[in-house]
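Spelled out, the chains give:
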Amino acid sequence: MSASFNETVLDSWAAFQQSPLALPAATVGVGILMTLAYPTLFSSKKSTDIRELGGLSILTAWPFFSRRHDFLKEHFATSGENMFTFKVLHHAVTAMKGEEARKAFFDTKSLNFTEGYKILMGAAPRLTDVDKSAQQPEEVSWFNKQLSILMNKKRLSDVIPTLFDDVQARMDGWGKEGRMDPFKDIYDLVFQMTVRMATCRELASDIEEIKRLQADYWTLEKSATPTALLLPWFPSKAKRDKEAATKDLFMKLYGYVELRRAADVPSADAIDLLLAEGLSTEHIVGFILNVIFAGVVNTGINSCWALLFLSYNKEWKEKVTAEVNALVETHTNSTSDEPLHKRLAAIPISVWEDEMPVMDTVIRETIRLVVNGAALRRNLDDDLHVSSKIIPKGNFVAYQVSDAHFNPDIYTNPMEFDPRRFGPGREEDKKQTFAYLGWGAGMKVAKLEIKIIVALFLAGYEYDVVDSAGNFPKSLPKPDYNDIQQARPVGDPCFIQFKRVVE
């Protein structure tokens, strides 16, 4: 790259860092001192009639960031109530559960998704935090609009053969047989696919560059530590690493967007489609970052656990394998000597989306068992009335998804893997309002990516889940619901023992 181009990128990065929306360290420091100086008692506040957790607020809130699932579960059990409030710096967070709270949480338009995740997650970089002159539109509708441009059926049909090529190349690197860590190797597949879907071929075909991008991504995911979120003024290693990784990601992606902007002939890749919409380089970079952070974790977690659940539930493994093999026989040339991934890639996108009922229920049940973190919102308008309680304007709100997904009044034996629960005659997910809480706008492409990985694995390999000693476990490990980024198994790690049987 030329010196002038580098200067342009550095100038953009410098602007990126000057945000009127970012809280100055001194202001945050004063806020922390105030919260430390004025601990609250465990009592009901007259203004809201919601019990507030006492003690030093920074210590009370600490486990919300270090073991969020257990923190919410334990405090609901201790209080015996459906709501409680605690402080994060100078912000108030109200946790709530129950069907009425769930209805309010997901139906109330004043509960803002973006604002909720700003303070309470903190990992994903946002252009709005750093550059007034190039503010990234934050509305979910804006993000969904750009996503719809990339995820229409025609583009998915065009890109699906390349996705299969990418996955096959990664799988070839595993060898013919062996043992692999799904929470590393499957995540590598998903990251490759997400970059392919959201950027351009120059980046998606450069494996070494993707490795560097992935390293920055995981640095940012792991940077949302309790120290970084509750003590943002403290010069911790996580804070320094986050700043360095954010800059590196910004500059790399900026370079690829400008590379495509200068191209003589536009391609059908994501960056070119977004350029055709008239978006600025900064907006495109921000959008790509959001796609990566929204897609990699959810798709990676559910791909890993779908394979593990199927390994431990042989009946469903056979059902899904039979469904995939039937599609290959029905929609491809059965006498073809093309490799498996080429034949799978020839199956029409409409079939992947609409003609895989067994796979769909397996994915649905995997999501129910695995996606059980806290959904976060912020009340931006008027005071919110829920169950005769008042949640003031400005409060953050947290709803633990497991309140629905693990509710025995909704789901029979809720901790068991049982895709039949969604079938005719049972339909347990329809017993209450919002009883099933899957994904939002990205679900379509996430499900496609999961299906590609699972189909290629089931049709091409014999495999079993094993423990660290290489033995089939007596019981399948459970996801660590406090592990927001990867949901690795609690306790000893597990692996996939595999052997390639179809090329």
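Residues numbered from 1 in each chain as written. Predicted model: local features only at pLDDT ≥ 70, side-chain atom pairs only at ≥ 80, totals over all residues. Heavy atoms only, no water.

The protein chain is annotated in an unreviewed UniProt entry as Cytochrome P450 from Tricholomella constricta.

Thoughts on the overall build of the protein chain
We apply this condition: Secondary structure counts use DSSP, requiring at least four H or I residues in a row for a helix and at least two E residues in a row for a strand, with both numbered from the N terminus. Think of it in three bands: with a 1.4 Å probe and only protein chains considered, a residue is buried below 20% of the maximum accessible area for its type, exposed above 50%, and partly exposed in between. The contact rule is simple, with two residues in contact once any of their heavy atoms fall within 4.5 Å.
The number of helices and strands found in the protein chain is 21 helices and 12 strands. Of all 503 residues assigned to the protein chain, the portion counted as buried reaches 53%. For the protein chain, contacts bridging at least 24 residues in sequence account for 74% of all contacts bridging at least 6.

Some details on the packing of helix 19 (residues 357-370) against helix 21 (residues 443-460)
The packing of two helices is summarised by the inter-axis angle and the distance between the axes. For the record, the criterion: Note on geometry: axes are C-alpha line fits, over the in-contact stretch for helices, and angles between N-to-C directions span 0 to 180 degrees. Roughly parallel means an angle under 35 degrees; roughly antiparallel means over 145; roughly perpendicular covers 65 to 115; every other angle is labelled oblique. We call a crossing left-handed when the near helix sits turned anticlockwise from the far one by less than a right angle, and right-handed when that turn is clockwise. Classes in brief: Ala, Val, Leu, Ile, Met, Phe, Trp, Tyr, Cys and Pro nonpolar; Asp, Glu, Lys and Arg charged; the others, Gly included, polar.
Where helix 19 contacts helix 21, the axes come no closer than 11 Å and their chain directions differ by 110 degrees. With respect to their mutual orientation, helix 19 and helix 21 come out roughly perpendicular. The two elements helix 19 and helix 21 meet at a crossing, and its hand is right-handed. Seen from helix 19, the contacting residues are M359, D360 and I363; seen from helix 21, they are K447, I450, K451, V454 and A455. Grouping the amino acids of the contact of helix 19 with helix 21 by side-chain chemistry returns 5 nonpolar, no polar and 3 charged.

Observations concerning the packing of aromatic side chains
For any pair of aromatic rings, the description consists of the separation of the ring centres together with the inter-plane angle of the planes. Quick note on the threshold: Stacked, tilted and edge-to-face are the three classes assigned to paired rings of Phe, Tyr and Trp, where Trp is represented by its six-membered ring and a pair needs centres within 6.5 Å; plane angles under 30 degrees give stacked, over 60 edge-to-face, the rest tilted. Note on criteria: charge over ring means Lys NZ or Arg CZ within 6 Å of the ring centre, with the direction from the centre no more than 35 degrees off the ring normal.
In total, this model carries 31 aromatic pairs according to the counting rule given. Here the aromatic rings of F106 and Y399 are separated by 5.9 Å at their centres, their planes lie at 80 degrees, and the arrangement is edge-to-face. Here F106, found in helix 5 (residues 99-107), pairs with Y399, found in strand 10 (residues 396-400); they are 293 residues apart in sequence, far enough to count as distant. Classification of Y399 as buried rests on a relative accessible area of 0%. Ring centres 5.0 Å apart and planes at 25 degrees place the aromatic pair F309 and F417 in the stacked group. Remark: F417 occurs in the loop between helix 20 (402-405) and helix 21 and F309 occurs in helix 15 (residues 281-312); sequence separation between them is 108 residues. One aromatic cluster is present, formed by F64, F65, F71, F76, F84 and F86 through successive ring pairs. A cation sits over an aromatic face here: R68 above F64, 4.0 Å from the ring centre. The ring centre of Y411 lies 4.9 Å from the NZ or CZ of R368, which sits over that ring.

Looking at the pairing of strand 3 (residues 83-88)
Condition: Should DSSP find at least two bridges between two strands, the strands are regarded as paired.
Taken across its 6 residues, strand 3 has 5 buried, putting it largely inside the fold. Bridge analysis of strand 3 against strand 4 (residues 91-96) gives 6 bridges, and the strand direction is antiparallel. By the bridge assignment for strand 4, F86 is matched with V93. Connecting strand 3 to the antiparallel partner strand 4 that follows it, the hairpin turn spans 2 residues, and L89 within it adopts a positive phi of roughly 55 degrees.

Description of the nonpolar core
This is how it is decided: Nonpolar core, defined: a set of buried Ala, Val, Leu, Ile, Met, Phe, Trp, Tyr and Cys residues in which side-chain atoms within 4.5 Å join the residues together.
Judged by nonpolar contacts, the single largest core of 112 residues is most densely connected at W174, I186, W305, L344, W352 and F457. Per-element tally for this core: the top contributor is helix 15, with 18 residues. Not counting chain neighbours up to four residues away, the residues in contact with W305 comprise F183, T366, V370, L476, P477, K478, P479, A487, R488 and P489. Formed by 22 residues, the second largest nonpolar core is a distinct cluster that contains F71, V88, L89 and A95.

Points about the confidence of the model for the protein chain
Stated formally: Confidence of the predictor in every single residue is expressed as pLDDT, which spans 0 to 100.
Scored by pLDDT, the protein chain has a mean of 85; 85% of the residues are at 70 or more. Note that pLDDT drops below 50 for residues 16-47; the model gives that stretch 57 contacts with residues more than four away or on any other chain. When the criterion is pLDDT under 50, residues 123-135 qualifies, and its contacts beyond four places in sequence or with other chains add up to 40 contacts.

Quick notes on the sheet that holds strand 6 (residues 177-180)
In a beta sheet, neighbouring strands pair by backbone hydrogen bonds and run either parallel or antiparallel. One open sheet accounts for 3 strands, arranged 6-12-11; its pairing is antiparallel. Two strands lie at the open edges of the sheet, namely strand 6 and strand 11 (461-466), each paired on one side alone. On average, each strand axis in the sheet is inclined to that of its neighbour by 20 degrees, with strand direction left out of account. Two strands pair when backbone bridges link them, and strand 6 and strand 12 (residues 495-500) are joined in this way by 4 bridges, in the antiparallel orientation. Note on strand 12: the bridge partner recorded for G178 is F498. Against the sheet, helix 21 touches strand 6, strand 11 and strand 12, its axis set at about 105 degrees to strand 11.

A short note on the pattern of salt bridges
Keep this limit in mind: A side-chain nitrogen of Lys or Arg and a carboxyl oxygen of Asp or Glu constitute a salt bridge if their distance falls within 4 Å.
Taken as a whole, this structure holds 32 salt bridges when the rule is applied. D403 serves as the salt-bridge partner of R102, at 3.6 Å between the closest nitrogen and oxygen. With R102 in helix 5 and D403 in helix 20, the pair connects residues that are 301 residues apart, well separated along the chain. Like R102, the residue D403 is buried in the burial classification. Sharing partners across several salt bridges, the network here consists of E365, R368, D418, R421, R426 and E428.

Comments concerning the environment of T78
So the rule is basically this: Polar contact is defined as a pair of N or O atoms within 3.5 Å, subject to the rule that within protein one atom must be able to donate a hydrogen and the other to accept it, and that residues adjacent in sequence are counted only when both atoms are side-chain atoms.
Assignment of secondary structure puts T78 in helix 4 (residues 68-79). We classify T78 as exposed; its relative accessible area is 65%. Of note is the side chain of T78, whose polar atom sits 2.9 Å from the backbone oxygen of E74.

Considerations on helix 8 (residues 153-172)
This is how it is decided: In this scheme, a helix's expected span is set at 1.5 Å multiplied by one less than its residue total. Bend is the name given here to the angle between axes fitted to two runs of seven residues, the run ending at a residue and the run starting at it.
Relative to the 28 Å expected for 20 residues at 1.5 Å per residue, helix 8 spans 28 Å between its end C-alpha atoms, a close match to the ideal helical length. At V159, helix 8 shows its strongest bend, of approximately 40 degrees, with the proline P161 following within four residues. Taken as a whole, helix 8 has its buried residues at R155, L156, V159, I160, L163, F164, D166, V167, Q168, R170 and M171.

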